[in-house]
Amino acid sequence: MTDIAPDPVSDPASGSRDAYTRLDRALAAAGLAEGAHFLNWGYRPVPGETDAAVLPVGSGANADGERLVAELLGPTPLDRRRVLDIGCGRGGALAFLAARARPLTLAGIDLSPDNVARARGALAPFGARLQIADACALPQADASQDVVLNLESSGAYADLPAFLRHVARVLRPGGIFAYGDLWPAQDEAPLRRTLDRLGFTEIAVRDVTRQVLAARAAAPAGVMERLSRADPELVAAIGDYFALPGSPLWEQMAAGRIRYGLLRLRRREGAVGSPDPDDAAHLRDRPRRMSGLLAEAGAAGQASRAWFPFGAPDADAAVNVLAFPFAAGGASVFRGWDAHLPAGIRFCPVQLPGREHRVGEPAFRSVEAAVEALLPLLAPVRHRPLALLGWSLGCKLAFALALRLEETGTVPRLLVLGACPSPERPTSGASLPRPGESWAEPLRRLGGTDEAILGHDGMLGTLRECLEGDFAMATGYRSEAVIAAPILAVAAEADPLVPVEAVAAWKARTGAGFVLHTLPGGHFALRNSGPALARLLADRLAAPIASPERPAPDPRPWLPFTPEPPRGRPQMVCFHHAGGNAGFFRPWLDMPALADIAVCPVELPGRGSRFGEPPRADLSGLSHDLSALLAEQLDWSRPVLLFGHSLGALIAYETALRLEGRALIPCHLVASAQRAPDVPTPKPWRHDREDAALLAELARIGGTDAAVLRHRELMALMLPAIRADFALTDPYHSPHPARLACPILAIRGRADAEIGEADMAGWDAATQAACTRWEPEGDHFYLADPATRSALAERLARLVRADS
């Protein structure tokens, strides 16, 4: 929990202490005290963002809290170190460190006696020293600590500059300060200046707002309900500090006005300095600025919070996306989707009356009435790009809203419509109760509803009005209108209610572009395919990139050996290894087995014919640009195979994900000499090494001519691109990789000392189709052998011909 203080302006310390005392009692009354080891908000990895955790994290209710601590500390050495946790809360962080490392001493302070009492119970086996003390007057001796951590409590301190000065005082020179908290965006510069003047050098400064919001979005909603029953006044007073979706604090964080920062700093030699007086005054006034931002969001968001519990549309967003659920579904079915979307996309699930937190409100019985009620809430953002997404009944709501928006002069950028027949077709009444049936029977026929709910008359009774209203909307809406927005229609392959051809009929309802995408599963496939659908949405929104502001990539630099767009024959796109270039695949252009296939080696910036360009170290942006390029340049009426070696396999996989998001499915992905996405790269990472160590590593793994490695001037020119290549692959880790629709061939040289056999196993989980393995003779660069290269070419040609 962060900054829990009913009155953070008048007396932040006493307010925080009293609130924690009441919170402890409420947790105990709710039966949550024993399991609530952490009061922090947690951290969940999100695509496109780099993680820093080194300490292993467990599973269960405290996993996100542990992960935040691990991300805060990163690679900080802890063994045989003296560790102090300021604002130790219930002792979760110290217990986590004691279980994962071997610190010399553990100490913690907190202003709340209840927190310290709980922490003593949790830390009794570890001999930790715990005190009730004020963070602005630390009792520890000068230079007595090796590592100091402070997470999510400094905003409640009466004198923040004094706290920071005490941290500098108790740390030994060279000691580490790991500091995480919320900050109004305008506070970042004075905070960093103050830390510098006190004697700290920055090691890492990270904005992890997206990862923290992802953890909050996944927080169990039942916890708040149980706490509310235990102490409703407390939850009403501090409820915003739980930062649940839709709260003012969530809104301001999602909008970027309040940021969650993780800082790692090293204490320099010398005396503790003094902050600039103006910066110090600014930091002391932080509680007042926070209160003002929350009050501003509370006043502005009150009207729309019921409709948008996970965040309302924002005029500053690059694109606002409204998402409508299926009949009787609530906004929570889209929980967690925003973690799979780029930062500029504001994802806003819509909560209709009659369900979840609006269960007491009368449900709508016509699509038109629902649209008219929602329309005024969109007035502040109608001038901004807007997309609409719907599933089943939600498609009709999205389509009707698009029509209504066109009447006001707004044409949505995109409609994504899934598992719903085109609206000119009548909706079958088979999903309604038959005479004498309860709602349990049609819901059971539909599937997707938990049997515990179907067998509970009270729950079904609560939902009865919602069910009747939603099915009245579904059966009563008909339209043959044609909208000006493009449509991406999504059909589930095993949907017994809505066949693919009924979804394909949406093509007649748009005067713009139309794409049909299929995915595995039944009528409620979005429950298991949320991440894939979110990526599909993001890539379709990014698809129309040709504009004066952002022209499509010029294919010539990227495909130097493909002078003309390949048309009328299969294509094989080849991605090179770290430090390599497109010339690595030059011999493949003349191989007889590939004579009927257009071989298209990719040249990344910073090497070969693109030596003068800066190298790329952003995997998400790189794969996005490559997918946009290949979507336009290749002939997708013919098979397209993606081949990547080492780093190239990772780029090929990420590019394939984005291509499939555009409904362009490669015939095969070939992952050569690259560990699977769920296997992290062992440390120390190569892109962090000094030049001499990096050169030694290149010599060890092979693939670079020894004479080139000895040429100092040449290597000085090449190392920036090599280092950038390793920066693409070193931090990459996807514990639950997205699954491609295309099959995968995973190849490893039998004598590869770089990639072990176990490292390749996870490629099976990266595809919904088949994954086959091949282990030819050779090491990490088995491709250097002409005979092996010929055998591989014949195998690849067979894969392409089989798809043809």
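Given the structure is predicted, the values throughout are model-derived calculations rather than measurements. What you see as residue numbers is a count from 1 along each chain, following the sequence as written. For this predicted model, a pLDDT threshold of at least 70 governs which residues receive local features, and a threshold of 80 or more governs which side-chain atom pairs are given and counted, while totals over whole chains, interfaces and linings are taken from all residues. Where side-chain values are given, they derive from all heavy atoms of the structure, hydrogens and water being excluded.

## Remarks on the overall build of the protein
Rule in force here: Going along the chain from the N terminus, every DSSP run of H or I of four or more residues is numbered as a helix, and every run of E of two or more is numbered as a strand. Exposed residues in this analysis have more than 50% of their type's maximum accessible area, buried residues have under 20%, and partly exposed residues fall in between, with area computed by a 1.4 Å probe over protein chains only. Any pair of residues with heavy atoms lying within 4.5 Å of one another is described as a contacting pair. The Shrake-Rupley method, run with a 1.4 Å probe, gives the accessible areas here. Residue values count only the displayed protein chains as cover.
Looking only at helices and strands, the protein has 27 helices and 19 strands in total. The burial tally for the protein puts 56% of its 804 residues in the buried class. Long-range pairs, those at least 24 residues apart, make up 78% of the contacts in the protein with a sequence separation of at least 6. Carbon and sulfur atoms make up 53% of the accessible area of the protein, which amounts to about 31,700 Å² in all.

## Some points on the environment of L262
Tracing the sequence through the fold places L262 in strand β7 (residues 258-267). Taking relative accessible area as the criterion, L262 reaches 3% and is therefore assigned buried. Along the primary structure L262 and L182 are separated by 80 residues, whereas in three dimensions their C-alpha atoms are 9.1 Å apart.

## Details of the pairing of strand β2 (residues 105-110)
To keep it simple, the criterion reads: By the convention used here, strands pair only if DSSP detects at least 2 bridges between them. Here the term right-handed applies to a crossover when the path leading from its first strand over the helix to its second strand runs clockwise, the strands being oriented away from the viewer.
For β2, the buried fraction is high: 5 of the 6 residues fall into the buried class. Relative to β2, strand β1 (residues 82-86) runs parallel, the two sharing 5 bridges. Bridge pairing in β2 links V83 to L106. For the crossover from β1 across helix α3 (residues 92-100) to β2, the handedness is right-handed.

## Some details on the sheet that holds strand β13 (residues 514-519)
Note the cut-off: Lines fitted to the C-alpha atoms define the axes, with helices restricted to the stretch that makes contact. Angles between their N-to-C directions range from 0 to 180 degrees.
In space, the 6 strands of this open sheet follow the order β9-β8-β10-β11-β12-β13, with parallel pairing throughout. This sheet does not close on itself; its edge strands, each paired only once, are β9 (345-349) and β13. Taking the axes of each pair of neighbouring strands and ignoring which way they run, one obtains an average angle of 15° across the sheet. As paired strands, strand β8 (residues 319-324) and β9 are joined by 5 bridges and run parallel to one another. Opposite L322, over in β9, you have C348 as the bridge partner.

## Looking at helix α5 (residues 160-170)
Along α5, 9 of the 11 residues are buried, which leaves the element largely enclosed by surrounding structure. Considered for burial, the residues of α5 that qualify are L160, P161, A162, F163, L164, H166, V167, A168 and V170.

## Considerations on the pattern of salt bridges
Note the cut-off: A pair is scored as a salt bridge if a Lys or Arg side-chain nitrogen falls within 4 Å of a carboxyl oxygen belonging to Asp or Glu.
Enumeration over the complete set of coordinates arrives at 33 salt bridges. Two residues, R193 and D279, come together in a salt bridge whose shortest N-O distance is 2.9 Å. Linking R193 in helix α6 (residues 188-198) with D279 in helix α11 (residues 277-284), this pair joins segments that are 86 residues apart in sequence. Judged by relative accessible area, which is 43%, R193 ranks as partly exposed. What makes D279 buried here is its relative accessible area of 8%.

## A short note on the packing of α5 against α6
For the record, the criterion: For any helix crossing, the convention is left-handed if the near helix is rotated counterclockwise from the far helix by under a right angle, and right-handed if that rotation is clockwise. We call Asp, Glu, Lys and Arg charged. Ala, Val, Leu, Ile, Met, Phe, Trp, Tyr, Cys and Pro are nonpolar, and the rest, Gly among them, are polar.
Contact geometry for α5 and α6: axes closest at 10 Å, N-to-C directions at 35°. Relative to α6, α5 is oriented so that their crossing is right-handed. For the pair formed by α5 and α6, the contact residues are L164, R165 and A168 on the first element and L191, T194, L195 and L198 on the second. Looking at the contact of α5 with α6 residue by residue, the class counts come to 5 nonpolar, 1 polar and 1 charged.

## Here we look at the environment of P486
For P486, the position within the fold is in the loop between α17 (457-476) and β12 (487-492). Residue classification places P486 among the partly exposed positions, given a relative accessible area of 24%. Separated by 23 residues in the primary sequence, P486 and R509 place their C-alpha atoms 9.3 Å from one another. Each residue touching P486, except ones within four places of it in the same chain, is listed here: P412, R413, L414, L415, T510, A512 and G513.

## Structural notes on α6
For an α-helix, 3.6 residues make a turn, and residues three or four places apart therefore share a direction. Keep this limit in mind: The arc in question is traced by the directions running from the helix axis to the C-beta atoms.
Taken together, the buried positions of α6 are occupied by P190, L191, T194, L195 and L198. For α6, the buried positions fall inside an angular range of 135° around the axis, keeping them on one side. Along its buried surface, α6 packs onto α5, β5 (171-184), β6 (200-207), β7 and α11. Where α6 terminates, the next one or two residues include G199, which has phi positive at roughly 115°.

## Focus on the sheet that holds β6
Strands sit in the order β3-β2-β1-β4-β5-β7-β6 across an open sheet of 7 strands; the sheet is mixed. The sheet terminates laterally at β3 (129-132) and β6, the two strands that pair on one side only. Direction aside, neighbouring strands of the sheet carry axes that sit 15° apart on average. In the sheet, β6 pairs with β7 via 7 bridges, with the strands oriented antiparallel. Across the sheet, E202 pairs through a bridge with L265, a residue of β7. Packing of helix α2 (residues 63-73) onto the sheet brings it into contact with β4 (145-151), β5, β6 and β7, and relative to β7 it is tilted by some 45°. Relative to β3, helix α4 (residues 113-123) is tilted by about 170°, and along the sheet it contacts β2 and β3.

## Here's the deal with unusual backbone geometry
In this model, E356 sits at a positive phi of 45°, which is unusual for a non-glycine residue. By the secondary structure assignment, E356 is in the loop between β9 and α13 (367-374). The class for E356 is partly exposed, based on a relative accessible area of 36%. The phi dihedral of S646 is positive, around 60°, even though this residue is not glycine.

## Topic: the side chain of E66
Defined as follows: Polar contact criterion, stated in full: a pair of N or O atoms within 3.5 Å, where within protein one must be able to donate a hydrogen and the other to accept it, and residues adjacent in sequence count only if both atoms are side-chain atoms.
As for its placement among the helices and strands, E66 is situated in helix α2. Within polar-contact distance, the side chain of E66 engages the side chain of R100 at 3.5 Å.

## Some details on the packing of α6 against α11
A pair of packed helices is captured by two measures, namely the crossing angle of their axes and the spacing between those axes. Going by this rule: Oblique is the label for any angle not covered by the other classes, which are roughly parallel (under 35 degrees), roughly antiparallel (over 145) and roughly perpendicular (65 to 115).
It is the contact of α6 with α11, at a shortest axis distance of 9 Å, that shows an interaxial angle of 125°. With respect to their mutual orientation, α6 and α11 come out oblique. Read as a crossing pair, α6 and α11 show a hand that is left-handed. Contacts between α6 and α11 involve P190, L191, R193 and T194 on the former and, on the latter, D279, H282 and L283. Of the residues that constitute the contact of α6 with α11, the class distribution is 3 nonpolar, 2 polar and 2 charged.

## A look at the confidence of the model for the protein
As a reminder of what qualifies: The predictor attaches a confidence to each residue, and that confidence, scored 0 to 100, is pLDDT.
Taken residue by residue, the protein gives an average pLDDT of 82. The fraction at 70 or more is 81%. Confidence over residues 1-15 falls short of pLDDT 50; this stretch has 47 contacts with residues more than four positions distant or in other chains. Within the model, pLDDT remains below 50 along residues 544-551, and this stretch shows 11 contacts once partners closer than five positions in the same chain are excluded.

## A closer look at the side chain of T194
Here T194 shows up in helix α6. The class for T194 is buried, based on a relative accessible area of 0%. Beyond its immediate chain neighbours, meaning those up to four positions away, T194 contacts L164, P275, D279 and L283.

## Quick word on the packing of aromatic side chains
Cut-off, in case you're wondering: Aromatic pairing here means that ring centres of Phe, Tyr or Trp (its six-membered ring) are within 6.5 Å. Orientation follows from the plane angle: under 30 degrees is stacked, over 60 is edge-to-face, and everything else is tilted. Put simply, a charge is over a ring when the Lys NZ or the Arg CZ is close to the ring centre, within 6 Å, and near the line of the ring normal, within 35 degrees.
With the rule as written, the count across this model stands at 18 aromatic pairs. For the pair F326 and F524, a centre-to-centre distance of 4.8 Å together with 85° between the ring planes defines the contact as edge-to-face. You can see F326 sitting in the loop between β8 and β9 and its partner F524 sitting in the loop between β13 and α19 (530-542), a full 198 residues away along the chain. In this structure F524 comes out as buried when scored by relative accessible area, which is 15%. Aromatic pair F585 and F643: ring centres 6.0 Å apart, planes at 85°, arrangement edge-to-face. Taken together, the residues span a long stretch of sequence, with F585 in the loop between β14 (571-575) and β15 (598-601) and F643 in strand β16 (residues 640-645) at a distance of 58 residues. Among the aromatic residues, those joined into a ring-pair cluster are Y157, F163, F177, Y179, W183 and F200. Positioned above the aromatic ring of W183 is the side chain of R286, whose terminal nitrogen or guanidinium carbon lies 5.0 Å from the ring centre. The ring of W558 has R610 lying over it, and the distance from NZ or CZ to the ring centre is 4.2 Å.

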